[in-house]
Amino acid sequence: MKKLAVSAAALLAFAAPAAAEVIEVEMLNRTEDGRNMAFSQELIMADVGDVIRFVPTDRGHNAQTVEGAIPDGQEGIKGRINEAVEYEVTEPGVSAIICLPHVTLGMVAVVVADGDLSNADAVRDAQIRGRSGQKVDELLSQAEADLGS
Ligand SMILES: [Cu+2]
């Protein structure tokens with residue numbers, strides 16, 4: 001009987017890591033909290049294995065990664081305007097995702113996978129244009145504060 005209990009506990013421990021999630025992020029002209037031309041979430045804490053699905057709720061947006069602003073080994077994305085696109089997180093680290101038509105207005109999201117900020121400086125140095133560059137810096141500072149690093 002005791003042996004059975006141990007087996008059950010071992011099974012639970014094995015099942016404990018969170019299953020891969022699909023995280024849905026809307027592309028919006030105006031968010032509920034009053035941001036114009038923005039992703040519904042701007043700081044996305046994810047785990048390796050998660051899929052971030054960018055949904056064209058409003059027209060005229062896309063989602064794409066920025067060269068130099070994703071972890072080593074991670075495949076980038078380049079969604080078309082008005083199309084849903086999925087970003088499969090395969091590597092720990094920081095990714096910046098922009099909407100190309102609105103990058104200068106600050107339409108950007110930062111993904112932090114597995115709480116790993118080791119490439120944060122590279123993302124800061126990727127020279128993302130307009131207000132998005134400043135917002136990336138702010139989102140990374142927020143992530144650093146949240147993660148206590
Ligand atoms: Cu946009």
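Refer to the structure presented above.
I will try to describe carefully the structure that is included in this document. (Residues numbered from 1 in each chain as written. Predicted model: local features only at pLDDT ≥ 70, side-chain atom pairs only at ≥ 80, totals over all residues. Heavy atoms only, no water.)

Relative to the helices and strands, Ala20 is located in the loop between α1 (2-15) and β1 (22-30). With relative accessibility at 58%, the residue Ala20 sits in the exposed group. Distance from Ala20 to Gly49, taken between C-alpha atoms, is 5.3 Å for residues 29 residues apart in sequence. Among residues more than four places away in sequence, those in contact with Ala20 are Gly49 and Asp50. (Helix = DSSP H or I, 4+ residues; strand = E, 2+ residues; numbered from the N terminus. Buried < 20%, exposed > 50% of the residue type's maximum accessible area, 1.4 Å probe, protein only. Contact = heavy atoms within 4.5 Å.)

Okay, the pairing of strand β4 (residues 51-55) next. As paired strands, β1 and β4 are joined by five bridges and run parallel to one another. By the bridge assignment, Glu26 is partnered in β4 with Val55. As paired strands, β4 and strand β6 (residues 85-88) are joined by four bridges and run antiparallel to one another. Looking at β6, one finds that Phe54 is bridged to Val85. (Pairing = 2+ DSSP bridges.)

If you walk across this open sheet you meet the four strands as β2-β1-β4-β6, and the pairing is mixed. Strands at the two margins of the open sheet, each flanked by one partner only, are β2 (36-39) and β6. Taken over all neighbouring pairs, the strand axes of this sheet differ in orientation by 15° on average, direction set aside. With three bridges connecting them, β1 and β2 associate as antiparallel partners. Bridging from a neighbouring strand, Leu28 pairs with Ala38 of β2. (Axes fitted to C-alpha atoms, helices over the stretch in contact; angles between N-to-C directions.)

The protein atoms that coordinate the copper ion are His61 (ND1), Cys99 (SG), His102 (ND1) and Met107 (SD), at distances spanning 2.0 to 2.5 Å. Coordination geometry of the copper ion: the four donor atoms subtend angles of 94 to 131° at the metal centre, consistent with an arrangement described as tetrahedral. Mapped onto the sequence, the donors of the copper ion take the spacing H-x37-C-x2-H-x4-M. Taken together, the residues His61 in the loop between β4 and β5 (64-65) and His102 in the loop between β7 (93-98) and β8 (108-113) connect sequence positions 41 residues apart. Both residues of the pair, His61 and His102, belong to the buried class. (Donors = N, O, S within 2.8 Å, 3.2 Å for Na, K, Ca; no water. Tetrahedral: all angles 85-135°; square planar, octahedral: opposite > 155°, others 65-115°.)

This paragraph deals with the sheet that holds β7. Strand order in the open sheet formed by four strands is β3-β8-β7-β5, with mixed pairing between adjacent strands. Strands at the two margins of the open sheet, each flanked by one partner only, are β3 (43-46) and β5. Strand contacts of helix α3 (residues 130-147): β3, β7 and β8, with the helix running at about 30° to β8, the strand carrying the most contacts.

This part takes up the pattern of salt bridges. Proximity of charged atoms lets side chains of opposite charge pair with each other. Tallied over the full model, the rule gives seven salt bridges. With its nearest N and O atoms 2.9 Å apart, the salt bridge here joins Arg35 to Glu42. Judged by its relative accessible area of 12%, Glu42 is buried. (Salt bridge = Lys/Arg side-chain N within 4 Å of Asp/Glu carboxyl O.)

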